[in-house]
Structures are given as C-alpha cells and as structure tokens.
Amino acid sequence: MSKKIDLKIMPEYFDPVARRVKTFEIRKNDRDYQVGDVLRLREFDGVSYTGRLVRVIVTYITDYAQRDGYVVMSIRRKETRDETN
C-alpha cells in the first residue's frame, strides 16, 4: 500500500524538482520507501519552511552503488488534477 510522506527539501533541490528537471531523490531509506508512494516535498531554507510544496510519485527505487541504507528513487511530478493527494 502506498504512503504519503512529508519530506524537507532545500531550495537548490526544490526548484529543479518543481521545474521537472530533477527526476530523482537520494534519501536514507528510513521510511521504507516503495514504488507508488507520494512524497510531499516541502521547501525548507535551513531555518523554516517557505510554504512551497511539490508532490511527486515514486516510480522506481534502487540502492545500486549507494551508501548503506540509502536509495535512489525515480520520481515524477503529480499532475495538478491529482494534487489533492
């Protein structure tokens, strides 16, 4: 069953995701990420949340050539009509 997961993301990473240029996330797998999970990426400037949010769906996961406990997740932006989730 897919999950909705809130995550902090720094502005230098948030902008490329918002523009659909960055299509992956590398994260410690401390939340048992699964294909189909919805990541709610909340921009965080190091002090506080900025109020900007982007929702993405995890489409593929691998731990190939990653540090122990880390994964690379392929992501795609949720379409506007899907953003209620």
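Since this is a predicted model, take the numbers as computed values, not measurements. (Residues numbered from 1 in each chain as written. Predicted model: local features only at pLDDT ≥ 70, side-chain atom pairs only at ≥ 80, totals over all residues. Heavy atoms only, no water.)

**Let's talk about the nonpolar core**
To keep things clear, this is the line we draw: The criterion is simple. A nonpolar core is a set of buried Ala, Val, Leu, Ile, Met, Phe, Trp, Tyr and Cys residues joined through side-chain atoms within 4.5 Å. Working definition: with a 1.4 Å probe on protein chains only, accessible area under 20% of the residue-type maximum means buried, over 50% means exposed, and in between means partly exposed. Per the convention used, a helix needs a DSSP run of H or I reaching at least four residues, while a strand needs a run of E reaching at least two, with both numbered from the N terminus. The contact criterion used is simple: two residues touch if any of their non-hydrogen atoms lie within 4.5 Å.
Of all hydrophobic cores here, the largest spans 14 residues; its most connected members are Val17, Tyr33, Leu39, Leu41 and Met73. Looking at this core, the elements that each hand over two or more residues are strand 1 (4-9), helix 1 (11-18), strand 3 (38-44), strand 4 (49-62) and strand 5 (70-77). Setting aside chain neighbours within four positions, we find Tyr33 in contact with Lys3, Ile5, Leu7, Arg27, Lys28, Leu39, Ile61, Val71 and Met73.

**A word on the pairing of strand 4**
What counts is decided by this rule: A pair of strands is labelled paired if DSSP reports no fewer than 2 bridges between them.
Note: strand 3 against strand 4, 6 bridges, orientation antiparallel. Its bridge partner being in strand 4, Arg42 is matched across the sheet by Leu53. Alignment of strand 4 against strand 5, held across 6 bridges, turns out to be antiparallel. Its bridge partner lying in strand 5, Val58 is registered against Ile75.

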